[in-house]
Amino acid sequence: MAILLDGNAMAAELMAGLKQRVTALKCRGISVGLAVILVGDDPASQIYVRSKSKACEKLGIQSETFQLPERTSQTELEALIQSLNQDKHIDGILVQLPLPDHLDEAAALRKISPKKDVDGFHIENAGKLFTGQEGVTACTPKGILYMLKAAGIPLEGKEAVVIGRSNIVGKPTAMLLMKENCTVTICHSHTVDLAAHTCRADILVTAVGKAGFVTADMVKPGAAVIDVGINRIENKVVGDVDFDAVEQVAGYISPVPGGVGKMTISMLMENTVEAAERKAR
Ligand code: NAD
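What you are looking at is a predicted structure, and each value in this text was computed from that prediction instead of being measured. (Residues numbered from 1 in each chain as written. Predicted model: local features only at pLDDT ≥ 70, side-chain atom pairs only at ≥ 80, totals over all residues. Heavy atoms only, no water.)

**Focus on the packing of helix H6 (residues 139-150) against helix H7 (residues 170-179)**
The test is simple: Lines fitted to the C-alpha atoms define the axes, with helices restricted to the stretch that makes contact. Angles between their N-to-C directions range from 0 to 180 degrees. What counts as a helix is a DSSP run of H or I of at least four residues, what counts as a strand is a run of E of at least two, and both are numbered from the N terminus. Comment on the angle field: the value is read as roughly parallel under 35 degrees, roughly antiparallel over 145, roughly perpendicular from 65 to 115, and oblique elsewhere. Take the far helix as the reference: if the near one is turned anticlockwise from it by less than a right angle, the crossing is left-handed, and if turned clockwise, right-handed. Working rule for contacts: check all heavy atoms of both residues, and any pair within 4.5 Å makes them a contact. Here the term charged refers only to Asp, Glu, Lys and Arg, the term nonpolar to Ala, Val, Leu, Ile, Met, Phe, Trp, Tyr, Cys and Pro, and the term polar to all other amino acids, Gly among them.
Two elements in contact, H6 and H7, have axes separated by 8 Å at closest approach and are oriented at 40 degrees. What the angle tells us is that H6 and H7 run oblique. In the packing of H6 onto H7, the handedness of the crossing is right-handed. On H7, the residues touching Pro141, Lys142, Ile144, Leu145 and Leu148 of H6 are Pro172, Thr173, Leu176 and Leu177. Here the contact of H6 with H7 is built from residues that sort into seven nonpolar, one polar and one charged.

**Some remarks on the environment of Asp87**
With respect to the element layout, Asp87 can be found in the loop between helix H3 (74-86) and strand E4 (92-95). Sequence separation of Asp87 and Val169 is 82 residues, and the distance between their C-alpha atoms is 29 Å.

**Let's talk about the sheet that holds strand E8 (residues 224-227)**
Heads up, the condition is: A pair of strands is labelled paired if DSSP reports no fewer than 2 bridges between them.
With parallel pairing, the six strands of this open sheet are ordered in space as E1-E11-E8-E7-E5-E6. What marks the edges here is a single partner per strand, and that holds for strand E1 (3-4) and strand E6 (183-187). Across four bridges, the pairing between strand E5 (residues 159-163) and strand E7 (residues 203-206) is parallel. Note on E7: the bridge partner recorded for Val162 is Val205. On top of the sheet, H7 reaches E5, E6 and E7; it is set at about 170 degrees to E5, its chief contact.

**Examining unusual backbone geometry**
The step from Leu97 to Pro98 runs through a cis peptide bond, and the omega angle for that step is 0 degrees. Inspection of the secondary structure assignment puts Pro98 in the loop between E4 and helix H4 (105-111). Residue Val256 is joined to Pro257 through a cis peptide bond whose omega torsion reads 0 degrees. Note on placement: Pro257 falls in the loop between strand E11 (252-253) and helix H10 (260-280). Phi at Asn181 is positive, roughly 70 degrees, even though this residue is not glycine. Along the chain, Asn181 turns up in the loop between H7 and E6. Despite not being glycine, Asp193 has its phi angle at roughly 55 degrees, a positive value.

**Regarding the nonpolar core**
Spelled out, the test is: The definition of a nonpolar core used throughout is a set of buried Ala, Val, Leu, Ile, Met, Phe, Trp, Tyr and Cys residues joined through side-chain atoms within 4.5 Å. Only protein chains enter the accessibility calculation, which uses a 1.4 Å probe. A residue is then buried if its area is under 20% of the maximum for its type, exposed if over 50%, and partly exposed in between. An automatic or database domain assignment supplies the start and end points of every domain.
Ranked by internal contacts, the top residues of the largest apolar core, which has 48 residues, are Ile61, Leu148 and Met269. Ranked by residues supplied to this core, first place goes to H10 with eight residues. No fewer than three residues from each of domain 1 (29-114) and domain 2 (139-261) sit in this core. With residues up to four places along the chain from it excluded, the contact list for Ile61 reads Val22, Val32, Gly33, Leu34, Cys56, Met269, Thr272 and Val273. If you look at the next biggest cluster of nonpolar residues, it comprises 18 residues, including Ile37, Val39, Phe66 and Leu68.

**Re the site of the ligand**
Selection criterion: Any residue with at least one heavy atom within 4 Å of a molecule or strand is counted as near it. Polar contacts here mean pairs of N or O atoms no more than 3.5 Å apart (in protein, one a potential hydrogen donor and the other a potential acceptor; neighbouring residues in sequence count only if both atoms are side-chain atoms).
Lining the immediate surroundings of the ligand are 20 residues, of which Arg165, Ser166, Ser189, Ile230 and Thr264 lie closest. Contacts to the ligand include Arg165, whose backbone N or O atom sits 2.8 Å from an oxygen atom. At three residues, H10 tops the list of elements feeding residues into the shell around the ligand. Looking at the shell around the ligand residue by residue, the classes come out as nine nonpolar, nine polar and two charged.

**Quick notes on the sheet that holds strand E2 (residues 33-39)**
Strand order in this open sheet of three strands is E3-E2-E4, and the pairing throughout is parallel. If you trace the sheet from one side to the other, it starts and ends with strand E3 (62-68) and E4, each paired once. Within this sheet the neighbouring strands show an average axis-to-axis angle of 15 degrees, counted without direction. Running over the sheet, helix H2 (residues 43-59) touches E2, E3 and E4 and is turned about 170 degrees from E2.

**With respect to the domain arrangement of the protein**
Assigned domains of the protein: these are domain 1 (29-114) and domain 2 (139-261). A separation of 28 Å is found between the C-alpha centroids of domain 1 and domain 2.

Right, dumping it as structure tokens:
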């Protein structure tokens, strides 16, 4: 039976440490501020934004949500970002994705000051990760690496397979695993014989968005399986992994909910606190 990678417990520990760092900044008269921009009224995005502002509240970070109407223009969105770039009370700016179709996501993200880009999606931060330079790392991939390391899972020289090649999860996760000296394979929707790859994986990360996608016969016995997927089935949230069957084969497994999602929010908080600490220096 696999060991559970408990995102709730890991996040609680991380948040306790972050709270101390926020308090230490406050003692020096420095407040920490996060601005969240939400365009339109996508229900899932609203839930994510609420959980981010709740996490801020727990830590004593000032969070401000800018709820813009669906019809917001690119110019209006970018003007708000520019004004937040100039705002001394704001350390982190987050544009909740996805944006409505008429808006240019990449162009909007480029407008965020790389120093305030707490999501790590700005092209400068993505480029730094790609070229092995110090920058802001995207929250979900950073959380995945935190989980693996906190559980003491060996990475050096191991076979890692990442399913999914998005800019926000798949690609940066592969980069971070490579930095830890894993041998990394990225699989995607055009991969031929996916199971042939996944069955070799000591570390298997799945970020696809399809419930029940990773089955027990796709998993190497003893592997660490990290489930990033968030899928809503009726009123339940599940990951990409057939959890009950895979936990019989894997060595480690992260659940959904209570796994990577919790780590993502904690890493967003960490990136925000780090931005404030950098400013304070
Ligand atoms: P995306 O839609 O951008 O990417 C999905 C990827 O899956 C693509 O790269 C695609 O090539 C791959 N894919 C699709 N069908 C496949 C198949 N049959 N075989 C192999 N690969 C296939 O999604 P994303 O933004 O990377 O998110 C992926 C999932 O992770 C979603 O469920 C999303 O909700 C979730 N997510 C969770 C968190 C978190 O904090 N837990 C954060 C971000 C995203």
